Amino acid sequence: MDYKVSIIGAGMTGSTTAHWLADKEIADIVLVDIVEGMPQGKALDLLEAMPVIGKDVNIIGGNEYQITSDSDIVVITAGLPRKPGMSRDDLLAANAQIIREATQNAIRYSPEAIFVVLTNPLDVMAYLTMKVAGIPAQRVVGQAGILDSARMRAFVAMELGVSVENVHCYVLGGHGDEMVPLTRQSNVAGVPLNEILPADRLAAIVERTRKGGGEIVSLLKTGSAFYAPAIAVAQMVEAILKDKHLIVPAAAYLNGEYGMQGIFFGVPVQLGRTGVEKIIEYQLTDEEMAAFSKSAQGVKENIAKLNL
Ligand code: APR
């Protein structure tokens, strides 16, 4: 195929991302992991599924970064997932070490690649990826907003008994419990959520969205969500490779937008072949802006812990 996407970390989210991407038939896929044999085995298994779905995608796996050479996109999912009772921030020290190693190795073999980061705590890991890779901010984007917004969309669709396709939600801010579900901008077939849902039901959906990741972690007991995070990454990869100029909520580096400087934060971004083409600035109310600032504070504190 014309494009090559390497996924670092062939665990639950990494291999599921490969699965969704293979189904889209947009790029050859490489899986890399430190566990010997596992990425090779998963890649071969997925490759053997291709004749059944009629997709001509080459999929390989390995433990050495050489096989990632000249990737158009590097997806980083390597790292520890949460256990019940943990916050995403509890993963910071362990995952920072893994992200450093993964990024240093990946950029050496694919100096022109765009990096899509999924490892948590997401906003901080995206920041670290940009710093370690030493590449322009436009070429690093973190996945969180599509997932958080999809969770909210699913909850609204269930509540109202309408198609998920009719529900549009925008969850911005940091990817933590202080994320900011924007109810004013969210709508069902154009009708604002607060005109359709009673205030208490809307508040319950906002709360469930904020805790959506934790809900899955406590059900699974080992590991965290992977189907929805992985399809969100696949959508971003597709938007970049197809140069779609697609606007999605995602973690991007802010350089004055929303009055913030020097952090990765969930905002509406336009994705195309060069990565983050544009950051869209919503007009926020004072209340929404206060929620943004509260969420950003947590991201800033975590970035400070990196001691870069
Ligand atoms: N290099 C490459 N792969 C690594 C490294 C490393 N240095 N360290 C760990 N890994 C691999 C593990 O071997 C494992 O296969 O990363 C993989 C992570 O997979 P899972 O444990 O299944 O975790 P997953 O559910 O995929 O979550 C990964 O994404 O959504 C986030 O919070 C989640 O931070 C977590 C990350």
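Going by the structure above, here's the rest.
Residues numbered from 1 in each chain as written. Predicted model: local features only at pLDDT ≥ 70, side-chain atom pairs only at ≥ 80, totals over all residues. Heavy atoms only, no water.

### Side note on the overall build of the protein chain
Keep this limit in mind: A run of H or I in DSSP counts as a helix once it spans at least four residues, and a run of E counts as a strand once it spans at least two, with each numbered from the N terminus. Every radius of gyration here is taken over C-alpha atoms, with the globule rule written as 2.2 Å times N^0.38, N being the number of residues. In this scheme, a residue with accessible area under 20% of its type's maximum is buried, one over 50% is exposed, and one in between is partly exposed, where area comes from a 1.4 Å probe on protein chains only. Contacts are residue-level and defined by heavy atoms, with any inter-residue pair within 4.5 Å sufficient. Per-residue accessibility takes into account occlusion by the displayed protein chains alone, with areas from the Shrake-Rupley method and a 1.4 Å probe. When charges are counted, neither His nor the chain ends are considered; positive counts come from Lys and Arg and negative counts from Asp and Glu. Just so you know, the charge point we use is NZ for Lys, CZ for Arg, CG for Asp and CD for Glu.
From N to C terminus, the protein chain includes eleven helices and 14 strands. For 308 residues, the compact-globule estimate of 2.2 N^0.38 gives 19 Å, and the C-alpha radius of gyration of the protein chain, at 19 Å, lies within 12% of that figure. On the principal axes, the C-alpha backbone points of the protein chain span a range of 55 × 45 × 40 Å. Here the protein chain, with 308 residues, has 51% of them falling under the buried criterion. For the protein chain, the proportion of contacts with a sequence separation of at least 24, taken over those separated by at least 6, is 69%. Carbon and sulfur atoms make up 52% of the accessible area of the protein chain, which amounts to about 13500 Å² in all. Taken together, the 26 basic and 35 acidic charged side chains of the protein chain have centroids lying 3 Å from each other.

### Examining the side chain of Thr68
Turning to its location among the elements, Thr68 is positioned in the loop between strand E3 (59-62) and strand E4 (73-76). With sequence-adjacent residues up to four places away left out, Thr68 is seen in contact with Lys4, Ser6, Ile8, Val30, Val32, Tyr109 and Ser110.

### Overview of unusual backbone geometry
With an omega dihedral of -5 degrees, the bond running from Asn120 to Pro121 counts as a cis peptide bond. With respect to the helices, strands and loops of the structure, Pro121 is situated in the loop between strand E5 (114-117) and helix H5 (122-133). Positive phi, normally seen in glycine, also occurs at Lys221, with a value near 70 degrees. Along the chain, Lys221 falls in the loop between helix H9 (212-220) and helix H10 (227-241). Judged by relative accessible area, which is 56%, Lys221 ranks as exposed. Of note, the phi angle at Asn307 is positive, near 50 degrees, even though the residue is not glycine. On the basis of relative accessible area, Asn307 is assigned to the exposed category, the value being 66%.

### Digging into the site of the ligand
Defined as follows: For each residue, the test is whether any non-hydrogen atom lies within 4 Å of the molecule or strand; if one does, the residue is near. Pairing of N or O atoms within 3.5 Å defines a polar contact, subject to two protein rules: one partner must be a possible hydrogen donor and the other a possible acceptor, and residues neighboring in sequence count only if both atoms are side-chain atoms. For this classification, the nonpolar set comprises Ala, Val, Leu, Ile, Met, Phe, Trp, Tyr, Cys and Pro, the charged set comprises Asp, Glu, Lys and Arg, and every other residue, Gly included, is treated as polar.
Around the ligand, the structure places 21 residues, and the nearest of them are Met12, Thr13, Asp33, Leu80 and Asn120. Between the ligand and Thr13, the relevant distance is 2.6 Å, taken from an oxygen atom to a side-chain nitrogen or oxygen of the residue. Leu80 places a main-chain nitrogen or oxygen 2.9 Å from an oxygen atom of the ligand. Isolated, the ligand exposes 720 Å² of accessible area, and the fraction of that covered by the protein chains is 88%. The dominant element in the shell around the ligand, judged by the number of residues it contributes, is helix H4 (residues 92-109), at three residues. By residue class, the composition of the shell around the ligand is ten nonpolar, nine polar and two charged.

### Here's the deal with the packing of H4 against H5
The condition that has to hold: The axes are straight lines fitted to the C-alpha atoms, using for helices just the contacting stretch, and the angles between their N-to-C directions are given from 0 to 180°. Handedness of a helix crossing follows the sense of rotation of the near helix relative to the far helix, less than a right angle counterclockwise being left-handed and clockwise being right-handed.
Where H4 contacts H5, the two axes come as close as 9 Å, and the packing angle between them is 35 degrees. The hand of the H4/H5 crossing is right-handed. On the side of H4, the interface is formed by Leu92, Asn95, Ala96, Ile99, Arg100, Thr103, Gln104 and Ile107, while H5 contributes Val124, Met125, Leu128, Thr129, Val132 and Ala133. Residue composition of the contact of H4 with H5, by class: nine nonpolar, four polar and one charged.

### A word on the pattern of salt bridges
Condition: Within this document, salt bridges are pairs made up of a side-chain nitrogen of Lys or Arg and a carboxyl oxygen of Asp or Glu, the two lying within 4 Å of each other.
Tallied over the full model, the rule gives nine salt bridges. Two residues, Arg151 and Asp148, come together in a salt bridge whose shortest N-O distance is 4.0 Å. Of the two residues, Arg151 and Asp148 both sit in helix H6 (residues 145-160), three residues apart, roughly one turn of that helix. For Arg151, a relative accessible area of 10% translates into the label buried. The exposure class assigned to Asp148 is buried, which follows from its relative accessible area of 3%. With a shortest N-O distance of 2.7 Å, Glu288 and Arg184 are connected by a salt bridge. Note that Glu288 is positioned in helix H11 (residues 286-305) and Arg184 in the loop between strand E9 (180-181) and strand E10 (187-188), a separation of 104 residues in sequence. Residue classification places Glu288 among the buried residues on the basis of a relative accessible area of 12%.

### Here we look at the sheet that holds strand E11 (residues 191-192)
To keep it simple, the criterion reads: For two strands to count as paired, DSSP must find a minimum of two bridges between them.
Strand order across the open sheet formed by three strands is E7-E10-E11, with antiparallel pairing between neighbours. The strands lining the two open edges of the sheet, one partner per strand, are strand E7 (167-168) and E11. Pairing of E7 with E10, which is carried by two bridges, proceeds in the antiparallel orientation. Opposite His168, over in E10, you have Asn187 as the bridge partner.

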